[in-house]
Amino acid sequence: EQGKVEAMINLGLCYIKGQGVDKSHELAREWCIKAANEGEPKAFECLKWLDENEGKSTTTSSSPPRQSKKEGDNDKKETTTKQSSTAASPSPQQHDEEPDVCCICLDELSKDVNKLMRFTCCGKTCCLGCDKNVMKSTMPDDLKNRCHQCRKPIPTTDKGQIEQLREWVDKGEAWAQTTMAEWYRDGQYGLKQSYVMAAMLFEKAVAQGDPEAMYDLGCLYDTGRGVDQSFKKAAELFTMAAEQEDV
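This one's a predicted model, so the numbers in the text were calculated from it and none came from an experiment. (Residues numbered from 1 in each chain as written. Predicted model: local features only at pLDDT ≥ 70, side-chain atom pairs only at ≥ 80, totals over all residues. Heavy atoms only, no water.)

(A) Inspection of the packing of aromatic side chains at higher detail. The full count for this structure, using the stated rule, is three aromatic pairs. Both rings, one in Trp 168 and one in Trp 175, keep their centres 5.8 Å apart while their planes meet at 45 degrees; by these two values the pair is tilted. The pair Trp 168 / Trp 175 is uniform in exposure class, with both members buried. Ring geometry for Tyr 215 and Phe 238: centres 5.8 Å apart, planes at 40 degrees, overall tilted. One end of the pair, Tyr 215, is in helix H9 (residues 211–223); the other, Phe 238, is in helix H10 (residues 231–242), and 23 residues separate them in sequence. Take Tyr 215 and Phe 238: they sit in the same class, and that class is buried. Taking the ring centre of Trp 31 as reference, the NZ or CZ of Lys 34 above it sits at 4.2 Å. Lys 171 extends its terminal NZ or CZ atom over the ring of Trp 168, reaching a point 4.4 Å from the ring centre. (Phe/Tyr/Trp six-rings, centres within 6.5 Å; stacked < 30°, edge-to-face > 60°. Buried < 20%, exposed > 50% of the residue type's maximum accessible area, 1.4 Å probe, protein only. Helix = DSSP H or I, 4+ residues; strand = E, 2+ residues; numbered from the N terminus. Lys NZ or Arg CZ within 6 Å of the ring centre and 35° of its normal.)

(B) Highlighting the environment of Gly 39. If you trace the backbone, Gly 39 turns up in the loop between helix H2 (25–37) and helix H3 (41–53). For Gly 39, a relative accessible area of 51% puts it in the exposed group. Separated by 34 residues in sequence, Gly 39 and Val 5 place their C-alpha atoms 8.9 Å apart.

(C) Region of the structure containing the confidence of the model for the protein chain. In the predicted model, the protein chain carries a mean pLDDT of 80, and the fraction of residues at 70 or more is 79%. Across residues 71–85, confidence stays below pLDDT 50; counting only partners more than four residues off in sequence or on other chains, it has 49 contacts. (pLDDT = per-residue confidence, 0-100. Contact = heavy atoms within 4.5 Å.)

(D) Spatial organisation of the pattern of salt bridges. Under the definition given, this model contains five salt bridges. Between Asp 51 and Arg 29 there is a salt bridge, and its shortest N-O distance comes to 3.0 Å. Taken as a pair, Asp 51 in helix H3 and Arg 29 in helix H2 lie far apart in primary sequence, 22 residues in all. Ionic contacts of the salt-bridge type, sharing partners, join the residues Arg 185, Asp 186 and Asp 216 into one network. (Salt bridge = Lys/Arg side-chain N within 4 Å of Asp/Glu carboxyl O.)

(E) Expanded view of unusual backbone geometry. Of note in the backbone geometry, Leu 106 takes a positive phi value of approximately 70 degrees without being a glycine. Inspection of the secondary structure assignment puts Leu 106 in the loop between strand S1 (85–86) and strand S2 (116–119). Residue classification places Leu 106 among the exposed positions, given a relative accessible area of 59%. Phi is positive for Tyr 189, which is not a glycine, with a value near 55 degrees. With respect to the helices and strands, Tyr 189 occurs in the loop between helix H7 (174–186) and helix H8 (195–206). We classify Tyr 189 as buried; its relative accessible area is 16%.

(F) Structural detail: the packing of H7 against H9. Contact geometry of H7 with H9 gives a least axis separation of 10 Å together with a crossing angle of 25 degrees. It follows that H7 is roughly parallel to H9 by the angle criterion. The two elements H7 and H9 meet at a crossing, and its hand is left-handed. Residues Thr 178, Glu 182 and Arg 185 of H7 touch H9, and the partners they reach there are Glu 212, Ala 213 and Asp 216. When the residues that make up the contact of H7 with H9 are grouped by side-chain class, the tally is one nonpolar, one polar and four charged. (Axes fitted to C-alpha atoms, helices over the stretch in contact; angles between N-to-C directions. Parallel < 35°, antiparallel > 145°, perpendicular 65-115°, else oblique. Left-handed = near helix turned anticlockwise from the far one by under 90°. Nonpolar A, V, L, I, M, F, W, Y, C, P; charged D, E, K, R; others polar.)

Structure follows, in structure tokens:
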């Protein structure tokens, strides 16, 4: 997942700076290489820094790249889905479960959450490309503006969007907890911005093994927003997210 790759980068930077872990360029390089193998551009920036500063003292080395952060109004991520739905991690799969599939093309879902959208009415997920194809089709607008799976009309207000998502939060769905946490963190859809509420919801999703929540909560601990600042806790969460196996 995207959170997993970003966690690899932040973990590598934790080892570079010695934040929450013992400083180690060797381990930093190991995690940056893993992220580079996943195609993460910032990993190459980190590897370049390691090459250029190998063997230099802290007084002569240049400043390392900044950590990836997703918290705060200045760090809001672009919305890649229409208001009726939300991009979110596919539900963590057990080894004996069938993989999550797109509700339109029925292909296995991408691990990259930026290529997905999830409907808050029925909780089903589809490929962002499939949704774009539907919107470009000659289908009547009334049908386009319905869930592709359950066919319920898409909420047209922030209140309707929040009410639908809150139902899934109350049911204990990790993807919904993570999404609602991100909305509180960024003050989206009419919610009053609250790092405390965001941290509480991320904690619930982390307890269910959601790697996106692990990364997001790690960022909050790294900056001390909504929680007591702890580089050690941030590094632990980045490690948990980075070590999540694709199952």
